[in-house]
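Working through the structure, step by step
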Amino acid sequence: MRLGFPGRVYGLGIAGTDEESDLGKWLAHLSDLVRYLTKHQIRLYRPIFPDFSSAAVYESELLDQSAFVALLAQEIANADIRLTAHMPLTLVLSTADDAQADATADWLTWASHLLSLLTPGNDGLLVAHFGGIYADKEAAIAAFCKRYEALPERVRGMLCLENDDHGLSFAEVMCIHQRVGVPIVLDNLHFCVNNPERMPLATALEQAMASWPLDKVPKVHYCDPRTEARGLGRGRVKLPTWTEHSDFVNPFALIDFAQRLANLGPVDIMLEAKARDLAWLKLRDDLMRYAPALNGMFAG
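A brief structural summary.

Parameters at a glance
- Residues numbered from 1 in each chain as written.
- Predicted model: local features only at pLDDT ≥ 70, side-chain atom pairs only at ≥ 80, totals over all residues.
- Heavy atoms only, no water.
- Helix = DSSP H or I, 4+ residues; strand = E, 2+ residues; numbered from the N terminus.
- Rg over C-alpha atoms; globule rule 2.2 N^0.38 Å.
- Contact = heavy atoms within 4.5 Å.
- Buried < 20%, exposed > 50% of the residue type's maximum accessible area, 1.4 Å probe, protein only.
- Right-handed = clockwise from strand over helix to strand, strands pointing away.
- Pairing = 2+ DSSP bridges.
- Salt bridge = Lys/Arg side-chain N within 4 Å of Asp/Glu carboxyl O.
- Lys, Arg positive; Asp, Glu negative; His and termini not counted.
- Polar contact = N/O pair within 3.5 Å; in protein donor to acceptor, adjacent residues only side chain to side chain.
- 1 Å grid on protein atoms, 1.4 Å probe; cavity = no way out; pocket = protein on both sides within 12 Å on 5 of 7 lines; lining within 4 Å.
- Points joined across faces, edges and corners; volume = space filled by probe spheres on them.
- Nonpolar A, V, L, I, M, F, W, Y, C, P; charged D, E, K, R; others polar.

Before going further, it helps to examine the overall build of the protein. Within the protein, the secondary structure is distributed over twelve helices and ten strands. The globule rule puts the C-alpha radius of gyration for 300 residues at 19 Å, and the 19 Å found for the protein is close to it. Each of the three principal axes of the protein carries a C-alpha extent, and together these read 50 × 50 × 50 Å. Sequence separation of at least 24 residues holds for 76% of the intrachain contacts in the protein that already meet a minimum separation of 6.

Printed below as a string of structure tokens:
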């Protein structure tokens, strides 16, 4: 069972792989991050994938960096790190705009290629939100299903769908799984704020785990809601909206969540706290104090 985090790595004092479009620089950043992850025994990570202007640019840069990619893939394998990627929110398969749908398919195609090179086993994942439901929810769902089924086999083998904090609920994305077989990543905070069916969390976890093929370890997202008010200057205060992610992880809530998962088989948990690796490190210390047996499962 892996416990990881996405995006920036504050412990390195650098932005990491954020907003990088040059593959060589992105790979160099990722190499630094892999060494950091290895040092702290962090075995699940979601970098921000590079933003290429076209598939042709990606193919050209990849050819120049192929030897470096192979060496980096070996480092990742030696450290037993599972890499995942999140599709940019501007890209969706449910859109009525064919150009946007084509751009989405292009991104998924080259991202799945890069991920398969970095993690040549069967662990790599591409996580997507459904996207907009526009004026016709059923038409958007039909468009998603049609375009998902048209994707290359390698992309479909990596792509999974996350429930939203607005738009489609967990029950609705599970209906998409039943239509086309896409695995479902349950996000606990999105589930809490967008669950009009009032489905029990235990039921949702069981359904999410069962949506995955037997040769893939399921993945879930976990975050607590931000509870603090934030000052906006000039005496103004922004109250919590409950969809905002907290900076750190409430260890007691995470312990309860992880124990619910413990009887459902292998699963990886991505922490989406704003403090990223600092939240992961703080939680590790908290688990050692409050739930040492659970901490041992994550470190194993």
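Still to come is the rest of the account.
The buried fraction of strand β4 (residues 125-129) is high, at five of five residues. Because side chains alternate across β4, one face comprises the buried residues L125, V127 and H129, and the other comprises L126 and A128, equally buried. What joins strand β3 (residues 82-86) to β4 is helix α4 (residues 98-118), and the crossover it makes is right-handed. The sheet contact formed by β4 and strand β5 (residues 159-162) spans four bridges and is parallel. In the strand pairing of β5, V127 is matched with C160.

The final tally for this structure, using the stated rule, is 15 salt bridges. Among the salt bridges present, the one from R2 reaches D80, with a minimum N-O distance of 2.8 Å. Of this pair, R2 sits in the segment before β1 (3-6) while D80 sits in the loop between α3 (66-78) and β3, placing them 78 residues apart in sequence. Given the relative accessible area of 8%, R2 is considered buried. Under the relative-accessibility criterion, D80 is labelled partly exposed at 34%.

Although it is not a glycine, R234 adopts a positive phi angle of roughly 55°. Exposure remark for R234: the relative accessible area of 89% places this residue in the exposed category. Residue R276 is not a glycine yet carries a positive backbone phi of 55°. Examined against the element boundaries, R276 turns out to sit in the loop between β10 (268-271) and α11 (277-290).

Attention now moves to the side chain of K219. In this structure, K219 sits in strand β7 (residues 219-222). The buried charged residue K219 lacks any salt bridge partner; its closest oppositely charged side chain belongs to E272, at an N-O distance of 6.2 Å. Within the structure, K219 has its side chain in polar contact with the side chain of H221 (distance 2.6 Å). Apart from the residues lying within four places of it in its own chain, the contact partners of K219 are R46, R82, T84, L125, V127, I184, V185, L186, W212, V267, D268 and M270.

Here the focus is the layout of surface pockets. Estimated volume of the largest pocket: approximately 1100 Å³. Around the largest pocket, the lining is made up of 36 residues, and of these R46, H86, M87, P88 and L89 lie nearest the centre. Of the residues assigned to the lining of the largest pocket, the class counts are twelve nonpolar, eleven polar and 13 charged. The calculated volume of the second largest pocket comes to roughly 280 Å³. For the second largest pocket, the lining is made up of 19 residues, of which N122, R154, G157, M158 and K216 are closest to its centre. Broken down by element, the lining of the second largest pocket gets its largest block of residues, four residues, from helix α6 (residues 153-158). Its residues placed into classes, the lining of the second largest pocket shows seven nonpolar, seven polar and five charged.

To continue, consider the sheet that holds strand β6 (residues 184-185). Taken together, the eight strands give an open sheet; going across it, the order is β6-β5-β4-β3-β2-β1-β10-β7, and neighbouring strands pair in parallel fashion. Both edges of this open sheet fall to β6 and β7, since each of them pairs with a single strand only.

What follows deals with helix α7 (residues 170-180). An α-helix turns once per 3.6 residues; consequently, residues spaced three or four apart project the same way. Of the positions making up α7, those classed as buried are F170, A171, V173, M174, I176, H177 and V180. Residues of α7 that are buried sit in contact with α5 (137-150), β5, β6, α8 (188-193) and α9 (201-210). Positive backbone phi, at 85°, marks G181, one or two positions downstream of α7.

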